[in-house]
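# Observations on the three-dimensional arrangement
Chain residues, written in single-letter form:
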Amino acid sequence: MRQKPLKTRILDRSFYLEPALTASAALLGKLLVHETEEGITAGMIVETEAYIGPDDDGAHSYGGRRTARTEIQFGQGGFAYVFPIYGMYYCFNAVLGGVDVPEVCLVRALEPVEGIELMKKRRGTDRVLNLCSGPGKLCKALGIGKAEYGLDLCKSNLYIADYKSFRPEEIAVSPRINIDYAEKCRDYPWRFYLKDNPNVSKVQKRFESVGTLNEIDPNKTGKV
């Protein structure tokens, strides 16, 4: 039987069928868990970004682009989309929405919760605030890589579970990071993070908060 850290409830399929802009904010406070032979590692999600598919020129699936890498996005929500960056790191995304709706949520940062010593070993650092404060860092800390691409987040050893909840005024909104190649959607406020959480990734001033979720509706806001 699969262990469930901290007696949490694993998210079911219905959660992942929500649109990316809704689910990406709702994922804040959830627990990303990876069970491996080395042990269990888990962290609370504190920073995310939404990518909404064919009309989002910051997304890998922009224009309906289907490749061997992006194909998983065109299936049902609730699967892991993992891709490499810089030839040495990986990024973890949760596929969202229904079939042929290629939306994803990039998990950008975690607050370490369980398996911290194993995270330190994998990352080669004792600085807890540096363990998961970026998408590449958190994947290395949790042992997420190429082998986890396509895993069912509802039925595998990689999953997301309930943990804590936060009010809209506690959730900051900003433009997404490092998508300067995008022209139309580059400045849209589709990044979400927990205000004042020290585990959030360090960013340039232009990526700082433009407001909170109770002040800005990402579904109705154009460019910042």
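The following paragraphs examine the structure supplied in this document. (Residues numbered from 1 in each chain as written. Predicted model: local features only at pLDDT ≥ 70, side-chain atom pairs only at ≥ 80, totals over all residues. Heavy atoms only, no water.)

## Quick look at the overall build of the protein chain
Just so we agree on the cut-off: Runs of E in the DSSP output that reach at least two residues are strands. Runs of H or I that reach at least four are helices, and both are numbered from the N terminus. Taken over C-alpha atoms, the radius of gyration is set against a globule rule of 2.2 Å times the number of residues to the power 0.38. Each residue gets one of three labels from its accessible area relative to the maximum for its type: buried under 20%, exposed over 50%, partly exposed in between, using a 1.4 Å probe on protein chains only. The criterion used for residue contact is that any of the two residues' heavy atoms lie within 4.5 Å. Accessible surface area values rest on a Shrake-Rupley calculation with a 1.4 Å probe, where residue burial reflects the displayed protein chains alone. Counted as positive: Lys and Arg. Counted as negative: Asp and Glu. His and the chain ends are not counted at all. A single reference atom marks each charge: NZ on Lys, CZ on Arg, CG on Asp, CD on Glu.
Along the protein chain, the regular secondary structure elements total four helices and nine strands. The order of α-helices and β-strands along the protein chain, N terminus first, is α-α-β-β-β-β-β-α-α-β-β-β-β. Computed over the C-alpha atoms, the radius of gyration of the protein chain is 16 Å, within 12% of the 17 Å expected from 2.2 N^0.38 for a compact globule of 224 residues. Taking the principal axes of its C-alpha atoms as reference, the protein chain extends roughly 45 × 35 × 35 Å. Looking at the protein chain residue by residue over its 224 residues, the buried ones come to 54%. Taking as baseline every contact in the protein chain between residues at least 6 positions apart, the subset at least 24 positions apart corresponds to 65%. As displayed, the protein chain has an accessible area near 10300 Å², and 50% of this comes from carbon and sulfur atoms. When the 31 positive and 29 negative side-chain charges of the protein chain are each reduced to one mean point, those points stand 3 Å apart.

## With respect to the pattern of salt bridges
What counts, and what does not: Salt bridges, as used here, are contacts in which a Lys or Arg side-chain nitrogen is within 4 Å of a carboxyl oxygen on Asp or Glu.
The tally for this structure, following the rule as stated, stands at 14 salt bridges. R176 is paired through a salt bridge with D56; the nearest N and O atoms lie 2.7 Å apart. With a gap of 120 residues between them, R176 in the loop between β7 (171-174) and β8 (191-194) and D56 in the loop between β2 (39-51) and β3 (80-85) connect regions that are remote in the sequence. Residues R176 and D56 agree in their burial class; the two are buried. As a salt-bridge pair, E170 and R167 come within 3.7 Å of each other at their nearest N and O atoms. Taking the relative accessible area as the measure of exposure, E170 reaches 25% and is therefore partly exposed. When salt bridges with common partners are traced through the structure, they connect E47, E49, R108 and R191 into a single cluster.

## Focus on the nonpolar core
Rules: Take the buried Ala, Val, Leu, Ile, Met, Phe, Trp, Tyr and Cys residues and link them wherever side-chain atoms come within 4.5 Å; each set so joined is a nonpolar core.
Judged by nonpolar contacts, the single largest core of 51 residues is most densely connected at Y16, L32 and F92. For this core, the leading source of residues is β2, giving six residues. Grouped together as the second largest cluster of nonpolar side chains are twelve residues, F79, Y81, V104 and A182 included.

## Thoughts on a nonpolar patch on the surface
Filter applied, for reference: Think of a patch as exposed residues, more than 30% relative accessible area, with no salt bridge, where like charges cluster within 9 Å and nonpolar side chains (Val, Leu, Ile, Met, Phe, Trp, Tyr) cluster within 5 Å.
A grouping of Y86, M88 and Y89 is seen on the molecular surface, where their side chains present a nonpolar patch of about 390 Å² in accessible area. Structurally, Y86 can be placed in the loop between β3 and β4 (89-96). With relative accessibility at 68%, the residue Y86 sits in the exposed group.

Without other data, these values stay purely geometric and don't point to any function.
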